[in-house]
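Working through the structure, step by step
Single-letter residue listing:
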Amino acid sequence: MQTGTHFRTCNLCEATCGLAIEVEQGKITSIRGDTEDRFSRGYICPKALALQDVHEDPDRLRTPLRRNGDAWEEISWEEAFSTVATRLAGIQKIHGRNAIGVYLGNPNVHNHGAMLAMMPFLQALGTHNRFSATSNDQLPHMLANLELFGHQALFPIPDIDHTDLFICIGANPMASNGSLMTVPDFRGRLKDLQARGGRFVAIDPRRTETADRADAFHYIRPGSDALLLMAMVNTVFAEGLAQTANQQGWLKDLDLVRLAAGPFTPEKVSVHTGIDAQAVRELTRDLANTPRALIYGRMGTSTQAHGGVATWLLYVLNILTGKLDRPGGMLFTAPAVDLVTLGGLSGQKGHFGRRYSRVRGLPEFGGEFPSSTMADEILTPGEGQIRAFVAVAGNPALSSPNGRRLEQAFAQLDFMVSVDYYLNETNRHADIILPPVASLERSHYDLIFNALAVRNVAKFADALFEPAPDARTDWEIMLELGQRLSAEKKRGWQDSISWKLMKLLGPDRLTDLLLRTGPYGVKVLPGGGLLEPGFDSLTRLLPRKHWLRELLDMGPYGRPGRSLPKGLSLGKLRKNPHGIDLGPLRPSLPQRLQTHDGKINLAPRRYLADVERLQARLDNPPPADALQLIGRRQLRSNNSWMHNSRRLVKGKSRCTAVVNPADAARLGLTDGQSVQAHSDVGRIVLPVEVSDRIMAGVVSIPHGWGHDGQGTRLAVAEAHAGASVNDLIDDHQVDPVSGVSVLNGQYVWLTPVPSSSPATGARRAPGKSRQYNEDNPAATLSE
Ligand SMILES: Nc1nc2c(c(=O)[nH]1)N[C@H]1C(S)=C(S)[C@@H](COP(=O)(O)OP(=O)(O)OC[C@H]3O[C@@H](n4cnc5c(=O)[nH]c(N)nc54)[C@H](O)[C@@H]3O)O[C@H]1N2
Ligand SMILES: Nc1nc2c(c(=O)[nH]1)N[C@H]1C(S)=C(S)[C@@H](COP(=O)(O)OP(=O)(O)OC[C@H]3O[C@@H](n4cnc5c(=O)[nH]c(N)nc54)[C@H](O)[C@@H]3O)O[C@H]1N2
Ligand code: SF4
Ligand SMILES: [Mo]
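Note that the structure is a prediction, hence the values are computed from the model and not measured.

Definitions and cut-offs
Residues numbered from 1 in each chain as written. Chains lettered and ligands numbered in written order. Predicted model: local features only at pLDDT ≥ 70, side-chain atom pairs only at ≥ 80, totals over all residues. Heavy atoms only, no water. Helix = DSSP H or I, 4+ residues; strand = E, 2+ residues; numbered from the N terminus. Rg over C-alpha atoms; globule rule 2.2 N^0.38 Å. Buried < 20%, exposed > 50% of the residue type's maximum accessible area, 1.4 Å probe, protein only. Contact = heavy atoms within 4.5 Å. Areas by Shrake-Rupley, 256 points an atom, 1.4 Å probe, with all protein chains shown as cover. Lys, Arg positive; Asp, Glu negative; His and termini not counted. Charge placed at Lys NZ, Arg CZ, Asp CG, Glu CD. UniProt positions renumbered as here; feature names shortened; annotations may be inferred. Expected span 1.5 Å × (residues − 1). Bend = angle between axes of the 7 residues up to and from the residue. Pairing = 2+ DSSP bridges. Axes fitted to C-alpha atoms, helices over the stretch in contact; angles between N-to-C directions. Near = heavy atom within 4 Å. Nonpolar A, V, L, I, M, F, W, Y, C, P; charged D, E, K, R; others polar. Polar contact = N/O pair within 3.5 Å; in protein donor to acceptor, adjacent residues only side chain to side chain. Domains from an automatic or database assignment. Left-handed = near helix turned anticlockwise from the far one by under 90°. Salt bridge = Lys/Arg side-chain N within 4 Å of Asp/Glu carboxyl O. Disulfide = S-S within 2.5 Å.

1. A look at the overall build of the protein chain
Summing up its helical and strand segments, the protein chain has 27 helices and 30 strands in all. The C-alpha atoms of the protein chain give 25 Å as radius of gyration, which agrees with the globular expectation for 783 residues (28 Å, within 12%). Considering only C-alpha atoms, the protein chain reaches an extent of 65 × 65 × 55 Å along its principal axes. Across the 783 residues that make up the protein chain, the buried fraction comes to 63%. Residue pairs in contact within the protein chain that sit at least 24 positions apart in sequence constitute 76% of those at least 6 positions apart. In the form shown here, the protein chain has an accessible surface area of approximately 27,400 Å², with 51% of it arising from carbon and sulfur atoms. Taking the 87 positively charged and 82 negatively charged side chains of the protein chain as two groups, their mean positions are separated by 4 Å.

If you want it as structure tokens, here you go:
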């Protein structure tokens, strides 16, 4: 676009806010909230403005780079692709297909092109050594979805717009803008909740921005959520609060849950959680007795030592108290592109524990191993060792546990390629970097977040700016790499249907197809009569019995009760640039369940088997004078990136260690001074912030910082470096049930640093001496 107003959805976080972007002569002059977007109602946060900074950033890579010693040289796409394909295929030829490791980072899920190209891309790589942000994030929720509802992506979503009691544990939506709950304008929706007489309760080790707006707040000791939730389940049974009558036909194994919760009385757990027994009982009664109520948890309950069981118990509590599938409780979405139903039709519902990782024997989930064992798989010699690595839209050096050890691992790879438009702390170890276009130069449809949204909505936008003639999108890069790789390997990968579909249609027309065949679509006539030219050939591509062909022949799922033909298509979305509202979430059980018997198994064995470990926690006192480390998301920061935007990072450093005044006094720390935080795996230096808004015994440090500038190209971020909390987090601690990283609740120690020391955790440059010491990790020092 040269001049005019462009409407699209912000791709940075899960909230999917509508943007109105003003352009004059090819330059952005303003970015505002789109007041006509029916879903986000004009709300945006400061990060949206920084989309302009990313777009215009001189540091953003626009041409493929190849390492030449410590320097980088620009090369052509042709040379880049052929080098990568030759090297990867060569390494697999010698060392086997699992010699390639791949990490898929968070921004992929905000990019429908990347999502749709992922399957053929991974098929072409053909490795079992896959990793992603999932295991540092929502894995326990996906496991609970799979175990209880039969599909890993069937997430229950809080019906915030109709609830009267919202219990929020281990989430900070005022800063994060919501997660596994796509909720633009959380603040406004919370105000509405309270204005209609509803209540919001927050439970967190820190009095967060969200806690500030809550009607009630409880501090909780990190990692003890499963104990609290067990005590709540215990109370439900003890006081006869269960409300399962309307779910009788499809609930199994209630009694096993009752047995499991038996030992966890509110009295017994309260010394560990820090929440008094009477408060636990009242909270449970409120949840049970308020018809429209829910309990919701996120990073704090998920990425911790008992993340699997804690997340299961959240689901159990909502079900036991009759809140699942009820307006104002937790509901399933009915998105326009319904990946859950598609997955069900094609037999892909997710899986767990089909394989175990080579070095530590950790379970795969959905074909991925836990990111906490990435370094092990690269560093440990033997058959199946990872020797080449592909990083797509991620920065695990800063975002995965024990980032320093991971960097040491990356540095010793035979070959590494990264698909990213910044030269960051991870791909400074790469041999080749393939930079895709930035988000304003590509189209946008939220395949994932529409499916997690508190209303059913759909919205599409074309690219705002025409990409440069020689630029590539993520999906083009993935397809090209896949094609060349399989040509090198002389495999018939091109025959895969997911590849053919993408090659033939591209992400937008494939999205169109998915919209048309989805629950709000139009009946597709045999032979593709209603489809745009080009689709006709589609049915010819597909074998007669293929699920997609059946879907095409059937129209919008064909099944009674599911079909809500609204004639939704890409064309229709293009005519509605502010998005289309498809209505509130509605009850859909038991039809929507994907379990084989159509029932919810409330007590899956893998959770029950872990209850003993939870019980053991009751007897284990924390080490004296250690603090428990928790994270802290910040409105102006986005995981490990967006720190190269001046307007987001300006002002006082936000990468601080927040401690309670009692701990500060005990440890001799004063506000603003430098402190060294150390753990069993590393140490960092950063400023301390003394605050009575955090529990005693806890320290909070945000993640994603630590931009030492050595070998990276992030000038602004470097000037606001901070330190990486993941240098402190032990990659050997994972929740054994799910394999999720323990990002919250690990023990660290703080000591004052004389004021002359630099307040950053300096990291290493590639090629320089590696400072991670395997034998004595805590002695790992920055130079
Ligand atoms: N200690 C601690 N660690 C954490 C967390 C925590 O709470 N505490 N949170 C975890 C969570 S929930 C997550 S999701 C992960 C996130 O961690 P990662 O999965 O590593 O993702 P990001 O940090 O968002 O990585 C962003 C990278 O993607 C690039 N990028 C941005 N957009 C695009 C694009 O469109 N295409 C491509 N190819 N690249 C792009 C950026 O340049 C940047 O280098 O961090 C996890 N790490
Ligand atoms: N501004 C901004 N927004 C973001 C992101 C970002 O980096 N910046 N990242 C996006 C991503 S990838 C995600 S996954 C979401 C995450 O969204 P949220 O989960 O809402 O975000 P967090 O701020 O990590 O919230 C976790 C909360 O858990 C608390 N906590 C820590 N340990 C425990 C514990 O043991 N028990 C309990 N009960 N609480 C605990 C922390 O104090 C914190 O308040 O945010 C998304 N939105
Ligand atoms: S809240 Fe999230 S989606 Fe909304 S403007 Fe901010 S970063 Fe973008
Ligand atoms: Mo995340």
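2. Quick word on the UniProt feature "domain: 4Fe-4S Mo/W bis-MGD-type" (unreviewed entry) in the protein chain
The UniProt entry lists residues 3–59 under the feature "domain: 4Fe-4S Mo/W bis-MGD-type" (unreviewed entry), expressed in the numbering used here. Measuring from the first to the last C-alpha atom of residues 3–59 gives 25 Å, for a span that is 19% helix and 35% strand.

3. Examining helix α3 (residues 112–125)
Between its terminal C-alpha atoms α3 stretches 20 Å, which fits the 20 Å expected from 14 residues at 1.5 Å a residue. Along its length, α3 reaches its greatest deviation from straightness, about 45 degrees, at Met-118, and the proline Pro-120 lies no more than four positions downstream. Of all the 14 residues making up α3, 11 are buried; the element is thus mostly covered by neighbouring parts of the structure. Buried within α3 we find His-112, Gly-113, Ala-114, Leu-116, Ala-117, Met-118, Pro-120, Phe-121, Leu-122, Ala-124 and Leu-125. Following α3 by one or two positions, Gly-126 adopts a phi angle in the positive range, close to 65 degrees.

4. What to know about the sheet that holds strand β27 (residues 674–678)
If you trace the six strands once around the closed barrel, you get β25-β29-β26-β28-β27-β30, paired in mixed fashion. In this sheet, adjacent strand axes meet at a mean angle of 45 degrees when their direction is disregarded.

5. Looking at the site of ligand 3
All residues adjacent to ligand 3 are Cys-10, Leu-12, Cys-13, Ala-15, Thr-16, Cys-17, Ile-44, Cys-45, Lys-47, Ala-48 and Asn-177. For the shell around ligand 3, the per-class residue count stands at eight nonpolar, two polar and one charged.

6. Notes on unusual backbone geometry
Of note, the amide linkage connecting Leu-589 to Pro-590 takes the cis form, showing an omega dihedral of 0 degrees. Looking at the element boundaries, Pro-590 is found in the loop between β23 (580–584) and β24 (600–601). Backbone geometry places Gln-25, a non-glycine residue, at a positive phi of 45 degrees. Checked against the element boundaries, Gln-25 lands in the loop between β2 (18–24) and β3 (27–33). Judged by relative accessible area, which is 70%, Gln-25 ranks as exposed. A positive phi angle, near 50 degrees, is found at Asp-625, a position not held by glycine. You can see Asp-625 is positioned in the loop between α24 (611–617) and β25 (627–630). On the basis of relative accessible area, Asp-625 is assigned to the partly exposed category, the value being 47%.

7. Comments concerning the site of ligand 1
Residues in close proximity to ligand 1 total 31 residues, the closest being Tyr-103, Ser-399, Asp-420, Asn-424 and Ser-640. Measuring from an oxygen atom of ligand 1, one finds a side-chain N or O atom of Asn-424 at 2.7 Å. Between ligand 1 and His-703, the relevant distance is 3.4 Å, taken from a nitrogen atom to a side-chain nitrogen or oxygen of the residue. Contact with the protein chains hides 97% of the accessible area of ligand 1, taken as 920 Å² for the molecule alone. In terms of residue class, the shell around ligand 1 is made up of 14 nonpolar, 12 polar and five charged. Shared between two domains, the shell around ligand 1 holds at least three residues of each, these being domain 2 (65–135 + 343–441 + 465–496) and domain 5 (619–752).

8. Re the packing of helix α8 (residues 225–238) against helix α9 (residues 254–261)
Contact pair α8 / α9: the axes reach a minimum separation of 9 Å and the direction vectors enclose 120 degrees. α8 and α9 meet at a crossing whose hand is left-handed. In this structure, α8 contributes Met-230, Val-233, Asn-234 and Phe-237 to the contact, and α9 contributes Leu-254, Val-257, Arg-258, Ala-260 and Ala-261. Tallied by class, the residues present in the contact of α8 with α9 amount to seven nonpolar, one polar and one charged.

9. Regarding the sheet that holds strand β9 (residues 165–169)
Across the sheet, which stays open at both edges, the four strands sit in the order β11-β10-β9-β13 with parallel pairing between neighbours. The open sheet has two free edges, formed respectively by β11 (216–219) and β13 (293–297), since each of these has just one partner strand. In this sheet, adjacent strand axes meet at a mean angle of 15 degrees when their direction is disregarded. Direction of pairing for β9 relative to β13: parallel, over a ladder of five bridges. Bridge assignment links Ile-167 to a residue of β13, and that residue is Ile-295.

10. Description of the side chain of His-110
In this fold, His-110 is placed in the loop between β6 (100–104) and α3. Residue class for His-110 comes out buried when judged on its relative accessible area of 3%.

11. Some points on the environment of Cys-655
Here Cys-655 shows up in the loop between α25 (646–649) and β26 (657–659). With a relative accessible area of 1%, Cys-655 lands in the buried category. The spatial distance from the C-alpha of Cys-655 to the C-alpha of Leu-686 is 7.2 Å, given a sequence separation of 31 residues. Once residues within four sequence positions are removed from consideration, Cys-655 is found in contact with Leu-686, Pro-687, Pro-702, Trp-705, Gly-722 and Ala-723.

12. Looking at the pattern of salt bridges
Between side chains of opposite charge, a pair can form as their charged atoms come close. According to the stated counting rule, one finds 39 salt bridges in the structure shown. Between Asp-192 and Arg-41 there is a salt bridge, with the nearest N and O atoms lying 3.9 Å from each other. A residue pair is termed long-range when its members are at least 10 positions apart, and Asp-192 in helix α6 (residues 186–195) and Arg-41 in the loop between β3 and α1 (46–56) qualify at 151 residues. By relative accessible area, Asp-192 is classed as partly exposed at 38%. Relative accessible area serves as the criterion here: at 38%, Arg-41 is assigned to the partly exposed category. Between Arg-428 and Glu-407 there is a salt bridge whose closest N-O contact spans 3.0 Å. Of this pair, Arg-428 sits in the loop between β18 (415–419) and β19 (432–434) while Glu-407 sits in helix α17 (residues 403–411); the two residues are 21 residues apart in sequence, bridging distant segments of the chain. As far as burial versus exposure is concerned, Arg-428 and Glu-407 are alike and both buried. When salt bridges with common partners are traced through the structure, they connect Glu-239, Glu-267, Arg-281 and Arg-285 into a single cluster.

13. Examining the packing of α8 against helix α11 (residues 277–289)
Between α8 and α11, the least distance of the axes is 9 Å, while the angle of their chain directions is 65 degrees. For the element pair α8 and α11, the recorded crossing hand is right-handed. Contact residues: Leu-228, Ala-231, Met-232, Thr-235 and Val-236 in α8; Val-280, Arg-281, Leu-283, Thr-284 and Leu-287 in α11.

14. Things to note about the state of the cysteines
As enumerated under the stated definition, the model contains zero disulfides in all. Take Cys-655: it sits in no disulfide, and the sulfur closest to it among the cysteines is that of Cys-45, at 19 Å.

15. Regarding helix α4 (residues 139–149)
Within α4, 11 of the 11 residues are buried, which leaves the element mostly enclosed by the surrounding structure. What α4 keeps buried is the set Leu-139, Pro-140, His-141, Met-142, Leu-143, Ala-144, Asn-145, Leu-146, Glu-147, Leu-148 and Phe-149. Positive phi shows up at Gly-150, right after α4, with a value of about 90 degrees.

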